[in-house]
Amino acid sequence: MGRIVGGIGLSHVPSIGPVVDRNRMQEPAWKPLFDAYVPVREWLTRLKPDVAIVVYNDHAADFSFDKYPTFALGVAERYPIGDEGFGTRPLPPVAGDLDLSIQLSEALIYEHEFDLTLCQEIAVEHGFLVPMNLCFPHQQNGWPVRAIPLQVNVVQHPLPTARRCYRLGEALRAAVESYPRDVRVVVMGTGGMSHQLQGKRFGHMNEKFDQWFMDRLESAPAELASLTHQKIMEEAGAEAVELIMWLTMRGAVKGKRVHRHYYAPMTTGMGLITFDD
Amino acid sequence: MGRQVTGAIPDTSIFDLRLSLRGKRLNRLCAALCSPSERDAFKRDEEAYMARFDLTEGEKALIRSRDFKGLIEAGTNIYYLLKIGSVTGNGLYKMGAQMRGETYEQFLSTRNISGAT
């Protein structure tokens, strides 16, 4: 049967993509970030996941405000690399797991009553690809895991509540466990942490809040899910509201914390936390 | 849980439906820039490119003057604005410095590790 074997909360920051593509990972300004993922990659090698469910948000590469879903699940054999306005990164397309996507769709909609938008085509971009880059080294022709994108509206208010995101994670766990085939799944909750990218408060970060968030994500996630968007935006910047996607990961994963790291060089608190299961 | 957004936050734009509807034309223009041929078209003839999107004169003026703060206030979403930044040679940090009322160098000096660009 399906099994959740681990969860990862981590930041997606667009500037990391070109650093990977130009092999700048060992430069002094970037090394602390990539070094933190060395033990995470070793841990993932031991966990041997078959599939990564990546909870992320699109940044106007493939979703438009004309019709903007609150929760959108990929239901495809593969996901091509999108162009978010700076060119298409030289990465192989990401293989999906269509059968698992169908199972998740049916279980989440029928059993758990989450009315997802189901997407037969999604071009993935930095929100999805940077976490994949950090955790899973790709080869020229593919990635070491199959992946399923779960796109969340964290951009155009009204957004889903943090509580709803957490409950989606709990439902996701049950949906994976109801899958009859043996499949090992990691869930990645991506985004943030503190950052604001517009207005006079551009560049706002709040390490204290970010560390507190990771503390509570580990010790009291159900209580953390009562955070309002207002509180997150006031403390950590308007774009930090992406953090609600970390709660979907945490709702799906029950084990102990394994790794934790924080680095805030420029305009985004880049957090990392992992849980086994 | 009740309302999630309960008040204005100083120096902060909260991108809600009202703002999104205001910025619809600008955001459509930006979305089209997710293609190399459209980026080339913008760079080749910015006026002709803008003419395709039914912008108001005020919106066109904001693009011409690279007024990123004004574009945000006019409803351009920050992730869409990045695409105009890309075709006009203004990366995120340059746009941010302008929004803060600083030079690029002044802004970089406020960062923890300014080499991480």
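Look up: the structure comes first, before these words.
A. How the structure looks around the pattern of salt bridges. All told, the structure shown has 20 salt bridges over all chains when counted by the stated rule. For aspartate 66 of chain A, the salt bridge identified is with arginine 28 of chain B, shortest N-O distance 3.2 Å. On the criterion of chain membership, the pair formed by aspartate 66 of chain A in the loop between strand E2 (51-56) and strand E3 (71-74) and arginine 28 of chain B in helix H2 (residues 24-32) is interchain, its members lying in two chains. Exposure remark for aspartate 66 of chain A: the relative accessible area of 46% places this residue in the partly exposed category. Salt-bridge contacts for glutamate 57 of chain B lead to lysine 60 of chain B; the nearest nitrogen and oxygen are separated by 3.7 Å. One end of the pair, glutamate 57 of chain B, and the other, lysine 60 of chain B, are both in helix H5 (residues 57-64), 3 residues apart, so they sit about a helical turn from each other. Relative accessible area serves as the criterion here: at 52%, glutamate 57 of chain B is assigned to the exposed category. When salt bridges with common partners are traced through the structure, they connect Glu47, Glu57, Lys60 and Arg64 of chain B into a single cluster.

B. Local environment of the interface of chain A and chain B. Listed per partner, the contact involves 48 residues of chain A and 45 residues of chain B. When the buried surface of chain A facing chain B is broken down by residue, Phe202, Gln230 and Met266 of chain A rank first, second and third, together holding 18% of it. For aspartate 83 of chain A, the salt bridge is made with arginine 39 of chain B, and the minimal N-O distance between the two is 2.9 Å. Joining chain A to chain B, the criterion identifies 27 residue pairs in polar contact (both at pLDDT 80 or more). When residues of the side of chain A that touches chain B are assigned to their parent elements, the largest contribution, 4 residues, is made by helix H8 (residues 229-236) of chain A. Classifying every residue of the side of chain A that touches chain B gives 20 nonpolar, 18 polar and 10 charged.

About the cut-offs
Residues numbered from 1 in each chain as written. Chains lettered and ligands numbered in written order. Predicted model: local features only at pLDDT ≥ 70, side-chain atom pairs only at ≥ 80, totals over all residues. Heavy atoms only, no water. Salt bridge = Lys/Arg side-chain N within 4 Å of Asp/Glu carboxyl O. Helix = DSSP H or I, 4+ residues; strand = E, 2+ residues; numbered from the N terminus. Buried < 20%, exposed > 50% of the residue type's maximum accessible area, 1.4 Å probe, protein only. Contact = heavy atoms within 4.5 Å. Buried area = accessible area lost by both parts, 1.4 Å probe. Polar contact = N/O pair within 3.5 Å; in protein donor to acceptor, adjacent residues only side chain to side chain. Nonpolar A, V, L, I, M, F, W, Y, C, P; charged D, E, K, R; others polar.

Read these as layout, nothing more, since geometry by itself doesn't imply function.
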